[in-house]
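Summary of structural features
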Amino acid sequence: MAEEWPALDFRLREFRPEDLDRVIHINETCLPENYSRGFYMAIHKSYPDLFLVAERGGEIVGYIMCRIEGFFWQKKKGHVISIAVLPEHRRRGIATALMEEALSRMTNRYGASECYLEVRVSNTPAIRLYEKLGFRKTDRIKGYYMDGEDAYIMTKVFGARS
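Residues numbered from 1 in each chain as written. Predicted model: local features only at pLDDT ≥ 70, side-chain atom pairs only at ≥ 80, totals over all residues. Heavy atoms only, no water.

**Considering the sheet that holds strand β7 (residues 151-157)**
For clarity, the cut-off: Should DSSP find at least two bridges between two strands, the strands are taken to pair. Each helix corresponds to a stretch of at least 4 residues labelled H or I by DSSP, and each strand to a stretch of at least 2 residues labelled E; elements are numbered beginning at the N terminus. In this description, a line fitted to the C-alpha atoms serves as the axis of each element, helices being fitted only across the stretch in contact, and the angle between N-to-C directions of two axes falls anywhere from 0 to 180 degrees. Any two residues having at least one pair of non-hydrogen atoms within 4.5 Å are treated as being in contact.
A sheet is described by the order of its strands in space; here seven strands give the open sequence β1-β2-β3-β4-β5-β7-β6, paired in mixed fashion. Lying at the two open borders of the sheet, with one neighbouring strand each, are β1 (11-14) and β6 (136-141). In this sheet, neighbouring strand axes are inclined to one another by 25° on average, regardless of whether the strands run parallel or antiparallel. Examined bridge by bridge, strand β2 (residues 51-56) and strand β3 (residues 59-69) share six bridges and lie antiparallel to one another. By the bridge assignment, Ala 54 is partnered in β3 with Gly 62. Contacting β4 (77-85), β5 (114-120), β6 and β7, helix α4 (residues 124-132) runs over the sheet at an angle of about 165° to β5.

Here it is, written out as structure tokens:
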């Protein structure tokens, strides 16, 4: 992974346990769905190279948390569990960089054939980002979120043209 992007003012690195409070803060600031401390740490333990943070000026301002699903006879699929960037740090390419690095690791390190994620049907900026990265809406789940909002399932098949 490239540690620095010279033209950009942030860097990506793997999550460390001491980052947990900051990641929880970002999650709670940006998203209505929150996870237990144990869930974050279980993902970190199982897939430490798919749990990344973005830093600006030494401060964590975003993260992505992913895992691989499907084993043995099943094809391996990446799953973007959660991604968030603090509002004041958006529109700088941070979410795109987090997604691109995670997707690259899913294919190169795990041999995943595709990746999927869930996104609120009302989250137009996120949907646009995912479409730009080659994801397509493949399903809709009624009442997926705790507040009753539907979710799109968006999928990217690796090797497919966007």
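**Considering the side chain of Glu 55**
Formally: We call two N or O atoms a polar contact when they sit within 3.5 Å, provided that within protein one can donate a hydrogen and the other can accept it, with sequence-adjacent residues counted only if both atoms are side-chain atoms.
You can see Glu 55 is positioned in strand β2. A polar contact of 2.8 Å, which involves the side chain of Glu 55, links it to the side chain of Arg 11. In contact with Glu 55, other than residues within four places in its own chain, are Asp 9, Phe 10, Arg 11, Arg 13 and Ile 60.

**Quick notes on the pairing of β4**
Note the cut-off: A simple rule labels every residue: compare its accessible area, found with a 1.4 Å probe on the protein chains alone, to the largest value its type can have, and call it buried under 20%, exposed over 50%, or partly exposed in between. Handedness is read with the strands pointing away from the viewer; a crossover is right-handed when the path from the first strand over the helix to the second is clockwise.
A large share of β4 lies buried, amounting to eight of its nine residues. Here eight bridges tie β3 to β4, and the two strands are oriented antiparallel to one another. From the neighbouring strand, Ile 64 faces β4, where its bridge partner is Ile 83. A crossover links β4 with its parallel partner β5, the connecting element being helix α3 (residues 94-110), and its sense is right-handed.

**Notes on unusual backbone geometry**
You will see that Arg 91, though not glycine, has its phi angle at about 65°, which is positive. In this structure, Arg 91 sits in the loop between β4 and α3. When its relative accessible area of 86% is taken as the criterion, Arg 91 is described as exposed.

**Let's talk about the side chain of His 44**
Turning to its location among the elements, His 44 is positioned in helix α2 (residues 37-46). What makes His 44 buried here is its relative accessible area of 16%. Excluding residues within four positions of it along the chain, His 44 makes contact with Phe 15, Pro 17 and Phe 51.

**Describing α3**
Heads up, the condition is: Multiplying 1.5 Å by the residue count of a helix minus one yields the expected span of that helix.
Its 17 residues place the ends of α3 23 Å apart at the C-alpha level, agreeing with the 24 Å of an ideal helix rising 1.5 Å per residue. Among the residues making up α3, those that are buried are Ile 94, Thr 96, Ala 97, Leu 98, Met 99, Glu 101, Ala 102, Leu 103, Arg 105 and Met 106. Following α3 by one or two positions, Gly 111 adopts a phi angle in the positive range, close to 70°.

**Here's the deal with the packing of aromatic side chains**
Going by this rule: Only rings of Phe, Tyr and Trp enter the pairing, Trp through its six-membered ring, and a pair is recorded when the two centres are within 6.5 Å. The plane angle decides the type: under 30 degrees is stacked, over 60 is edge-to-face, the rest tilted. Charge over a ring is defined by NZ of Lys or CZ of Arg lying within 6 Å of the ring centre and within 35 degrees of the ring normal.
Throughout the structure, instances matching the rule amount to eight aromatic pairs. Ring geometry for Tyr 35 and Phe 39: centres 5.0 Å apart, planes at 20°, overall stacked. Since its relative accessible area comes to 27%, Phe 39 is described here as partly exposed. Judged by centre distance (5.8 Å) and plane angle (90°), the ring pair of Tyr 35 and Tyr 40 falls under edge-to-face. One residue, Arg 120, lies across the ring of Tyr 145, its end atom 4.2 Å from the ring centre. Of note, Lys 137 hangs over the ring of Tyr 152, and the distance from its end group to the ring centre comes to 4.6 Å.

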